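A closer look at the structure
As a plain string of letters, each chain reads:
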Amino acid sequence: MAGELGPQDTRMRLRYAGTCRLCNRALPAGTDAVYERDRRTVRCLECTLDEPSVPESPEPGTAGASARREYERRHRRREERIRTAHPKLGGLILALSDDPQSTQAWVRGAVGEELLARRLEDLPASARALHDRRIPRTRANIDHIVVSPGGVWVIDAKRYKGRRPSREATGGVFGPRVQTLRIGGRDGTPLVDGVRKQAALVTAALGDAAPVAAALCFLEADWGFFGSPFSVSEVLVTWPVRLVKRIAESADVGVDVDAVAARLAAAFPAA
């Protein structure tokens, strides 16, 4: 009941800084707050006096939904433009031509997200997956967020059919050694930077409620017979089966899966 302490709650003056589990407010050392022993988290006194309800099962979202909408928008605009410019031949032109690659890329991306979402269904029942999450105040989204007892994974799905991801190291001797991501011989390092930024936003939303890791998951890529996952700038580069295995085998660090998933669903709504 709001205003009451549970059997595992202790009101205390914090020895170390923390973050309120419910409102994400920073709580400096010395602040009077409530320590929740069963969750190993803290909450501020304001939330203790009027604790909001937290959904146990947040809406998971629909994988690839925003990418499909963007594809359909571009496809429709092209069709309207051609039919307007060529009232008599528009239908024939459309029948004999395809959407530009920049438009087709959106539907390829949507399919990749959908395929990965199906693989994530193989995760243990203790995990929660959120799909196609909108980053507030931007036009960007996060493909997948997985919350497990071992932590949170921010996952960017990439569908590069037949291309081989690899890690390349440059520099050294007289300068810093730098690792880059190559995809079929081309520089893919911006993908690493992108998912790292997403992971940083998730970390900021959670505070110290759970550790956060980032992954680039390639679908239909050419990993070769002896291929194996690798990391670039602390981002795991892998494929669906190995990603699910990695998450499932992560050591349990006591993450409150339902509470963290609800918090992330509120911070990053379905796109």
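Residues numbered from 1 in each chain as written. Predicted model: local features only at pLDDT ≥ 70, side-chain atom pairs only at ≥ 80, totals over all residues. Heavy atoms only, no water.

Examining the overall build of the protein
- The helix and strand inventory of the protein stands at seven helices and 14 strands.
- Looking at the 271 residues of the protein, the share that counts as buried comes to 40%.
- If you take every contact in the protein between residues at least 6 apart in sequence, the share linking residues at least 24 apart comes to 61%.
- Counting every atom, the protein has about 15,300 Å² of accessible surface; 52% of that belongs to carbon and sulfur.
- Across the protein, the 42 positively charged side chains and the 34 negatively charged ones have centroids separated by 6 Å. (Helix = DSSP H or I, 4+ residues; strand = E, 2+ residues; numbered from the N terminus. Buried < 20%, exposed > 50% of the residue type's maximum accessible area, 1.4 Å probe, protein only. Contact = heavy atoms within 4.5 Å. Areas by Shrake-Rupley, 256 points an atom, 1.4 Å probe, with all protein chains shown as cover. Lys, Arg positive; Asp, Glu negative; His and termini not counted. Charge placed at Lys NZ, Arg CZ, Asp CG, Glu CD.)

Describing the packing of aromatic side chains
- Applying the stated rule across the entire model yields four aromatic pairs.
- On the basis of an interplanar angle of 85° and a centroid distance of 4.9 Å, the ring pair of Phe225 and Phe226 is categorised as edge-to-face. As far as burial versus exposure is concerned, Phe225 and Phe226 are alike and both exposed.
- One aromatic cluster is present, built from ring pairs that chain together Trp223, Phe230 and Trp239. (Phe/Tyr/Trp six-rings, centres within 6.5 Å; stacked < 30°, edge-to-face > 60°.)

What about the sheet that holds strand β5 (residues 41-44)?
- The three strands lie next to each other as β1-β4-β5, forming an open sheet whose pairing is antiparallel. Each edge of the sheet is formed by a strand with only one pairing partner; in this case those strands are β1 (9-13) and β5. The mean inter-strand angle of the sheet, taken between neighbouring strand axes irrespective of direction, is 35°.
- Here four bridges tie strand β4 (residues 32-36) to β5, and the two strands are oriented antiparallel to one another. Residue pairing across strands places Ala33 opposite Cys44, the latter belonging to β5. (Pairing = 2+ DSSP bridges. Axes fitted to C-alpha atoms, helices over the stretch in contact; angles between N-to-C directions.)

Description of helix α6 (residues 240-248)
- Listed in full, the buried residues belonging to α6 are Pro240, Leu243, Val244 and Ile247. The buried residues of α6 occupy one face: seen down the axis, they fall within an arc of 95°.
- Elements in contact with the buried residues of α6: α4 (101-120), β7 (141-148), β8 (151-159), β12 (212-219) and β14 (235-238). (Arc of directions from axis to C-beta.)

Structural notes on the sheet that holds strand β6 (residues 128-134)
- An order of β6-β7-β8-β12-β14-β13 is seen for the six strands of this open sheet, with the pairing classed as mixed. One side of each edge strand has no neighbouring strand; the edge strands of this open sheet are β6 and β13 (230-232). Put simply, the sheet's adjacent strands are angled 30° from each other on average, direction ignored.
- With four bridges joining them, β12 and β14 adopt parallel strand pairing.

Focus: the pattern of salt bridges
- Enumeration over the complete set of coordinates arrives at 14 salt bridges.
- With a shortest N-O distance of 4.0 Å, Arg119 and Asp122 are connected by a salt bridge.
- One continuous salt-bridge network, built from bridges that share partners, spans Arg21, Glu36 and Arg43. (Salt bridge = Lys/Arg side-chain N within 4 Å of Asp/Glu carboxyl O.)

Focus on the packing of helix α2 (residues 65-85) against α4
- Where α2 meets α4, the closest approach of the two axes is 8 Å, and the angle between their N-to-C directions is 155°. Overall, the two elements α2 and α4 adopt an arrangement that is roughly antiparallel. Note on packing geometry: the crossing formed by α2 with α4 is left-handed. Judged by residue contacts, Ala67, Arg68, Glu70, Tyr71, Arg74 and His75 of α2 engage Ser102, Thr103, Trp106, Val107, Ala110, Val111, Glu113 and Glu114 from α4.
- Residues of the contact of α2 with α4, tallied by class, amount to six nonpolar, three polar and five charged. (Parallel < 35°, antiparallel > 145°, perpendicular 65-115°, else oblique. Left-handed = near helix turned anticlockwise from the far one by under 90°. Nonpolar A, V, L, I, M, F, W, Y, C, P; charged D, E, K, R; others polar.)

Topic: the nonpolar core
- Judged by nonpolar contacts, the single largest core of 34 residues is most densely connected at Val152, Val202, Phe218 and Leu264.
- Counting only elements with at least two residues in this core, the list comes to β7, β8, β10 (177-183), α5 (189-206), β12, β13, β14 and α7 (257-267).
- Tallying contributions element by element places α5 first for this core, with seven residues.
- The residues contacting Phe218, other than those within four sequence positions of it, are Lys158, Tyr160, Pro165, Leu181, Ile183, Leu191, Trp223, Val237, Thr238, Trp239 and Pro240. (Core = buried A, V, L, I, M, F, W, Y, C linked by side-chain atoms within 4.5 Å.)

A short note on α7
- Burial within α7 is extensive, with eight of its 11 residues counted as buried.
- Of all the residues in α7, the buried ones are Val257, Ala259, Val260, Ala261, Ala262, Arg263, Leu264 and Ala265.

Remarks on the pairing of β6
- Relative to β7, β6 runs antiparallel, the two being bridged by six bridges. Directly across from His131, in β7, lies its bridge partner His144.

A look at the pairing of β14
- Both faces of β14 are covered, namely the face carrying Val235 and Val237 and the face carrying Leu236 and Thr238.
- Bridge count between β13 and β14: three bridges; the pairing is antiparallel. Of the residues in β14, the one forming a bridge with Phe230 is Val237.
- Where β13 folds back onto β14 in an antiparallel hairpin, the turn is made up of two residues, including Ser233, whose phi is positive at roughly 50°.

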